[in-house]
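Single-letter residue listing:
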Amino acid sequence: MTRTHWAAVTAVVLALLFAGAATVASAGSGGSATADRTPTGASADAGFARDMSVHHQQAVEMSFIVRDRTKDEEVRRLAYDIANTQANQRGMMLGWLDLWGLPKVDADAEPMEWMATGSSGHGAHGGGHRAEDGSLMAGMASKSDLARLGGLSGKEAEILYLQLMIIHHNGGIAMAKGCVEQCTVGVERDLAQGMVDAQASEIELMVDLLHRRGAEPRA
């Protein structure tokens with residue numbers, strides 16, 4: 001592993017530790033995730049926490065890859081911010097599942113199945129698909145996309161990363177909106193709304209970065 005990769009891994013591990021500590025600390029406060037009715041395993045709250053944790057993990061992975069494949073400081077800074085933010089949020093969601101006494105993985109549930117049962121109007125997969133090369137839910141990059149990203153460098157890596165992350169963010173926004181509409185735990189809804197706002201802003205930045213490189217978002 002490169003020194004940059006180890007630095008990124010260390011930063012994300014620290015983010016997870018801080019997020020876990022913050023989650024446990026909030027459990028004793030009036031605004032905690034456990035202050036509301038404890039969600040069931042089949043609830044939107046649990047489904048969102050599980051699925052978005054997986055979704056965030058891939059964003060972290062893609063961000064690590066591009067930081068090692070480009071020297072452009074603007075893209076590297078964006079990737080580092082996304083990795084740290086989403087690792088922190090992932091730690092919070094996994095911490096809530098622990099506090100609720102629920103498993104982090106539900107092998108019997110389809111990805112985004114919790115969205116299909118609500119009144120939000122979103123489909124079960126929100127535009128995602130279960131493709132042969134590994135795509136599972138809205139916005140997720142395929143295994144072949146990740147392999148291609150790892151084989152590029154410089155401007156080509158920057159463009160593919162930005163294109164993949166825009167799609168990834170759009171999928172994440174659809175999921176987060178589903179939680180805003182369906183989740184019952186107040187702090188989780190707040191986190192989901194924060195994801196919607198932050199990722200929409202990052203999409204605008206990434207579109208601009210693509211245009212500056214003579215490229216467009218993928219359809």
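Residues numbered from 1 in each chain as written. Predicted model: local features only at pLDDT ≥ 70, side-chain atom pairs only at ≥ 80, totals over all residues. Heavy atoms only, no water.

Asks: An account of the overall build of the protein chain is needed here, citing residue identities and associated values.
Replies: Secondary structure assignment for the protein chain yields seven helices and zero strands. Sequence-ordered secondary structure for the protein chain, helices as α and strands as β, is α-α-α-α-α-α-α. Looking at the protein chain residue by residue over its 219 residues, the buried ones come to 47%. Looking at the protein chain alone, contacts between residues at least 24 apart form 77% of all its contacts between residues at least 6 apart. Summing over all exposed atoms, the protein chain offers an accessible surface of approximately 10200 Å²; the carbon and sulfur share of this is 54%. (Helix = DSSP H or I, 4+ residues; strand = E, 2+ residues; numbered from the N terminus. Buried < 20%, exposed > 50% of the residue type's maximum accessible area, 1.4 Å probe, protein only. Contact = heavy atoms within 4.5 Å. Areas by Shrake-Rupley, 256 points an atom, 1.4 Å probe, with all protein chains shown as cover.)

Asks: Describe the side chain of His168, listing the residues and the values that go with them.
Replies: For His168, the location among the structural elements is in helix α6 (residues 154-182). Residue contacts for His168: discarding those within four places in its chain leaves His55, Gln58, Ala59, Met62, Gly139, Met140 and Ala141.

Asks: Describe the packing of aromatic side chains, naming the residues involved and giving the relevant values.
Replies: For the coordinates displayed, the defined rule picks out two aromatic pairs. Between Phe48 and Trp114, the aromatic rings sit 5.9 Å apart at their centres with planes inclined by 80 degrees, giving edge-to-face as the arrangement. With a gap of 66 residues between them, Phe48 in helix α2 (residues 44-67) and Trp114 in helix α4 (residues 113-116) connect regions that are remote in the sequence. You can call Phe48 buried: its relative accessible area is 0%. Aromatic pair Trp96 and Trp100: ring centres 6.4 Å apart, planes at 25 degrees, arrangement stacked. The exposure class assigned to Trp100 is buried, which follows from its relative accessible area of 6%. (Phe/Tyr/Trp six-rings, centres within 6.5 Å; stacked < 30°, edge-to-face > 60°.)

Asks: Hey, could you go over the state of the cysteines for me, with residue numbers and the actual values?
Replies: The final tally for this structure, using the stated rule, is one disulfide. A sulfur-sulfur distance of 2.2 Å marks the disulfide that ties Cys179 to Cys183. The sign of the S-S torsion, about -120 degrees, decides the handedness of the disulfide formed by Cys179 and Cys183: left-handed. Judged on exposure class, the residue Cys179 and its partner Cys183 are both buried. (Disulfide = S-S within 2.5 Å.)

Honestly, that's just the spatial picture; any functional story needs more than this.
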